[in-house]
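Understanding the architecture of this molecule
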Amino acid sequence: MTTVPFPHYEARLFDGGIIDQLHRTGAVLIRDLDVNDNRALLTICQFIGRPTQARNPDAESRGIVEDGFVHRVEALLSPLKDRHGAAVLSTTNLEFQLHTDEFFADNPAEVVLLHCVRSAQDGGASIFSVVNDIVPLLSAGAIDQLMNSFFPAGNSLVHLLWRKEGNWNARFNPYELSYAVGALSKDQRSAISMFEHVATACSFRMALEPGDCLIWLNHRMVHGRESFGPGQERLLKRVRLHVNDPRGMRAFSGSGGS
Ligand SMILES: O=C(O)CCC(=O)C(=O)O
Ligand SMILES: [Fe+2]
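None of the values given here were measured: they were computed from a predicted structure.

**Some points on the site of ligand 1**
As a structural note, the neighbourhood of ligand 1 is formed by Val73, Ser90, Phe96, Asp101, Ser126, His223, Arg225, Leu236 and Arg238. Mapped onto the shell around ligand 1, the elements with two or more residues apiece are β14 (221–225) and β15 (235–243). Taken together, the residues that form the shell around ligand 1 break down as three nonpolar, three polar and three charged.

**Thoughts on the sheet that holds β14**
Spatial strand order, β5-β14-β7-β12: four strands in an open sheet with antiparallel pairing. For this open sheet the edge positions go to β5 (96–99) and β12 (204–206), each flanked by a neighbour on one side alone. For this sheet, the mean angle separating the axes of adjacent strands, direction not counted, is 20°. For strand β7 (residues 126–130) and β14, the ladder comprises five bridges, and the chain directions are antiparallel. The residue of β14 that forms the bridge with Ile127 is Gly224.

**Things to note about the packing of helix α5 (residues 140–148) against helix α7 (residues 186–201)**
Contact geometry for α5 and α7: axes closest at 9 Å, N-to-C directions at 105°. With respect to α7, the element α5 is oriented roughly perpendicular. In this structure, α5 uses Gly141, Ala142, Gln145 and Leu146 to contact α7, whose residues at the interface are Asp187, Gln188, Ala191, Met194 and Phe195. Residue classes in the contact of α5 with α7 are distributed as five nonpolar, three polar and one charged.

**Considering helix α2 (residues 39–48)**
Where α2 is concerned, the buried positions are Leu41, Ile44, Cys45 and Ile48. One side of α2 carries all its buried residues, which in axial view fall inside an arc of 100°. Opposite the buried face of α2, at more than 90 degrees from it, the exposed residues are Arg39, Thr43 and Gln46. Buried residues in α2 make contact with α1 (18–25), β2 (49–51), β4 (70–73), β6 (111–118), β13 (213–217) and β15.

About the criteria used
- Residues numbered from 1 in each chain as written.
- Chains lettered and ligands numbered in written order.
- Predicted model: local features only at pLDDT ≥ 70, side-chain atom pairs only at ≥ 80, totals over all residues.
- Near = placed C-beta within 6 Å.
- Helix = DSSP H or I, 4+ residues; strand = E, 2+ residues; numbered from the N terminus.
- Nonpolar A, V, L, I, M, F, W, Y, C, P; charged D, E, K, R; others polar.
- Pairing = 2+ DSSP bridges.
- Axes fitted to C-alpha atoms, helices over the stretch in contact; angles between N-to-C directions.
- Parallel < 35°, antiparallel > 145°, perpendicular 65-115°, else oblique.
- Contact = placed C-beta atoms within 7 Å.
- Buried ≥ 20, exposed ≤ 12 C-beta atoms within 10 Å, placed from the backbone.
- Arc of directions from axis to C-beta.

Here it is, written out as structure tokens:
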């Protein structure tokens with residue numbers, strides 16, 4: 001099993017130092033991870049941390065969640081609906097705009113894994129944009145709004161941008177923010193739209209191959225995906241984790257301020 005250069009990042013052999021590499025580069029790509037079952041993926045997950053969400057017996061009985069917390073990302077004939085009645089995009093073939101995961105959660109995942117089991121022949125590439133690349137292109141006013149004003153996210157009011165240990169971190173979901181648009185000031189709305197515009201301008205595509213497993217720090221990159229043709233059997237396995245390695249904990253939740 002080897003890691004290869006994630007765009008922008010250095011190559012490094014997989015040596016169990018995922019936490020260190022994640023902290024340093026924000027992302028790891030593992031190639032040729034066994035796709036026949038979830039064992040290899042689960043081994044990596046156990047090494048990194050613990051699932052962010054409680055078990056969901058309904059989703060498990062429908063086969064959408066495997067082994068307690070491995071989500072199947074694939075287009076379903078009857079997509080799931082979110083609490084606003086909109087389709088859950090991970091159960092459709094639609095475009096998924098740049099976002100961070102668990103935007104509305106009280107304590108969103110620090111780490112996300114996507115393991116490609118089957119790719120689409122037509123579309124479906126992953127899109128990423130690194131927050132460190134985005135922020136230098138934002139106006140001072142937009143940075144101020146995103147860092148210092150409060151935006152509704154689930155049950156909380158949160159900042160969308162912060163600096164931690166020398167890196168920029170963002171929390172962003174254009175769909176969730178659009179539900180709250182009535183509660184936002186004009187300056188907040190323009191900051192969001194500038195962030196989205198710049199994130200898209202800085203984004204890069206990655207067409208995952210079967211066996212590719214991408215692991216990244218949820219708040220150091222925004223991610224999305226292209227739409228793909230209907231009826232295509234694209235399948236990714238997705239896991240969202242809190243980090244439980246004491247070294248990792250320091251790395252991820254350090255006092256920041258730098
Ligand atoms: O389908 C993909 O490539 C990404 C899915 C995603 O971002 C999600 O399920 O949160
Ligand atoms: Fe996502």
